[in-house]
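# A closer look at the structure
These are the residues of each chain, in order.
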Amino acid sequence: MDSSVYVFVEDLRGEGVERVLDRISGYGVSGITVGAVHHASRDVTPHGLSRLTLRHDGAHFTPPPELFDGLRLAPVPGYTDAFDGLREACAKRSMKLHGWTVFLRNATIGTEHPDVTVRDCFGDRGSLTDLCPAHPDVRDYAVALARAVARLGVDSVVAESLHFRPLKPQRSFVPLGPMDAYLFALCFCDYCMRRATDLGVNAEVAREECARIVGGVFDGDPPAQGEVTRAALTAYAGPDVVAYARARSETVTTLVSEVASAVAAEGSKLVFIDSTGAVKGYTDGLPTPGLAAHDAWQLGVDLVALGDLVPAFGVLAYARDAARVADDVGAYLRSVGKDREVRAVLRPGYPDSDSTDRLVAKARGAKAAGALAVDFYAYGLVPHPVLDRIPAALSL
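Residues numbered from 1 in each chain as written. Predicted model: local features only at pLDDT ≥ 70, side-chain atom pairs only at ≥ 80, totals over all residues. Heavy atoms only, no water.

## With respect to the overall build of the protein
Looking only at helices and strands, the protein has 18 helices and 13 strands in total. Over its C-alpha trace the protein gives a radius of gyration of 21 Å, about what one expects of a compact globule, namely 21 Å for 396 residues. Over its C-alpha atoms, taken along the principal directions, the protein stretches across nearly 60 × 50 × 40 Å. Every one of the 396 residues in the protein was classed for burial, and the buried ones make up 57%. A separation threshold of at least 6 residues defines the contact pool for the protein, and within that pool the share at least 24 residues apart is 76%. Working note: accessible area of the protein is about 15,900 Å², and carbon and sulfur atoms make up 51% of it. Computing the positive centroid from 41 side-chain charges and the negative centroid from 50, the protein places the two 4 Å apart. (Helix = DSSP H or I, 4+ residues; strand = E, 2+ residues; numbered from the N terminus. Rg over C-alpha atoms; globule rule 2.2 N^0.38 Å. Buried < 20%, exposed > 50% of the residue type's maximum accessible area, 1.4 Å probe, protein only. Contact = heavy atoms within 4.5 Å. Areas by Shrake-Rupley, 256 points an atom, 1.4 Å probe, with all protein chains shown as cover. Lys, Arg positive; Asp, Glu negative; His and termini not counted. Charge placed at Lys NZ, Arg CZ, Asp CG, Glu CD.)

## With respect to the pattern of salt bridges
One pass over the structure, following the stated rule, counts 26 salt bridges. Asp328 is the partner of Arg324 in a salt bridge, and the nearest nitrogen-oxygen pair spans 3.0 Å. Highlighted residues: Arg324 and Asp328, both in helix 15 (residues 322–336), separated by four residues, approximately one helical turn. The residues Arg324 and Asp328 share a single accessibility class, namely buried. Across the pair Glu341 and Arg343 runs a salt bridge whose closest N-O atoms are separated by 2.8 Å. We note that Glu341, like Arg343, is buried. (Salt bridge = Lys/Arg side-chain N within 4 Å of Asp/Glu carboxyl O.)

## Side note on the nonpolar core
Within the largest apolar cluster, 123 residues are counted, with the highest numbers of intra-cluster contacts made by Ile32, Phe103, Leu183 and Val259. Other than its neighbours up to four places away in sequence, Val259 contacts Phe103, Ala142, Val143, Ala146, Leu162 and Leu270. Formed by 14 residues, the second largest nonpolar core is a distinct cluster that contains Val158, Ile273, Tyr318 and Tyr377. (Core = buried A, V, L, I, M, F, W, Y, C linked by side-chain atoms within 4.5 Å.)

## Remarks on the side chain of Arg347
Structurally, Arg347 can be placed in the loop between strand 12 (341–346) and helix 16 (356–368). The class of Arg347 is buried, set by a relative accessible area of 7%. Within the structure, Arg347 has its side chain in polar contact with the backbone oxygen of Tyr282 (distance 2.9 Å). Dropping the residues within four chain positions of it, Arg347 is found in contact with Gly281, Tyr282, Gly285, Tyr318, Asp352, Ser353, Leu359, Lys362 and Tyr377. (Polar contact = N/O pair within 3.5 Å; in protein donor to acceptor, adjacent residues only side chain to side chain.)

## Looking at helix 9 (residues 203–218)
Every α-helix carries 3.6 residues per turn, so stepping three or four residues along brings you back to the same face. Here helix 9 is 16 residues long and its end C-alpha atoms lie 22 Å apart, about the 22 Å a rise of 1.5 Å per residue gives. Among the residues of helix 9, Ala203, Ala206, Cys210, Ala211, Ile213, Val214, Gly215, Gly216 and Val217 are the ones counted as buried. At its buried positions, helix 9 is contacted by helix 7 (178–185), helix 8 (190–198), helix 10 (230–237) and helix 11 (239–265). Phi for Gly220, located one or two positions after helix 9, is positive at around 115 degrees. (Expected span 1.5 Å × (residues − 1).)

## As for the packing of helix 7 against helix 10
If you want to describe how two helices pack, look at the angle between their axes and the distance between the axes. Close contact between helix 7 and helix 10 brings their axes to 11 Å; oriented N to C, the two are set at 80 degrees. Between helix 7 and helix 10, the interaxial angle falls into the category roughly perpendicular. Touching Met179, Asp180, Tyr182 and Leu183 of helix 7 are Ala232, Leu233, Tyr236 and Ala237, all from helix 10. (Axes fitted to C-alpha atoms, helices over the stretch in contact; angles between N-to-C directions. Parallel < 35°, antiparallel > 145°, perpendicular 65-115°, else oblique.)

## Some thoughts on the environment of Leu152
On the secondary structure map, Leu152 appears in the loop between helix 6 (136–150) and strand 9 (156–160). Those residues in contact with Leu152 that lie beyond four places of it in its chain are Phe61, Phe83 and Arg87.

## As for the side chain of Gln298
Positionally, Gln298 belongs in the loop between helix 13 (292–295) and helix 14 (303–307). With near-sequence residues (within four places) excluded, Gln298 lies in contact with Tyr182, Val228 and Arg248.

## Some words on the environment of Val20
Residue position: Val20 is located in helix 2 (residues 17–26). Separated by 106 residues in the primary sequence, Val20 and Gly126 place their C-alpha atoms 39 Å from one another.

See below:
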């Protein structure tokens, strides 16, 4: 069974490439998935050079300049030597190298170019981290970035944040319900509204309804209860809002198609990761009831359409329960097609896995449901004794 471990470039710099690869290859893992382009974060790193690691937005290689000539947006430089010799070091151990790429989550670019970020129903651009997938400059940047990572000679480009993102305020003392938060997260920039209008949607009515409903909650109206479904959203916000939400899938599908084609043209393949599994279970490993594949539409992800365009998918199976992992993998395969490669991404420790037996059960469930690979997230974030559970999960 194919497998990999997600690795940050800070892990390689802090512990050394040879030491990290020797440890991971010792687990019996087939490869590593290295953060070629990542977003800013502050992480507890239990065996890192620093035990609290501050990461910055950055592309950790030198992009071919001709790919970005004439483009308004360009990668933020990170540790540009991080991939030097890495492919050769992996090949020496018969390990695959995958390039993990965070596409549209970049506060540095968003702060420098706020007009390319999402704009909410009130006309505010309060999410400078989130680049809008409908903006032409963002789309050009994403395609060029995909080509740049593929040219590193990676076996695949693993795409994260290549879709819309949910609302994530740092503080909110307004009790927004799930549907209110969803409406507040919808982008109403000129490009999103134009695309929706071209598809026959009354975009301005949709914007006005979102502003009316969310504004009412800000003014003291009770928040909406229950999970976000199309039926519930229709009853709560009306058909124009639901139609607008549906139109977002055309934006994402066409962008992913362009990125997948660019990666293939460079001799690699795209592994598309939809973040819905993380939205549901990232904090505690107890995802909300709806399966990730069924709720992916909320981020503009049409898995059925993408199944015709993308060769491989990563399923963020962030759940404590092995049956839930199997259900999520199975639902993805039914959506994207049985002939597609599905990779289950598991967390070997807290908060999802409290023992080797639980991790083994989840890996077994993913395989039984049709996953062709199991990947583990992430090397630098969990203690070594937790990583030592991986061999048992692969000996199925």
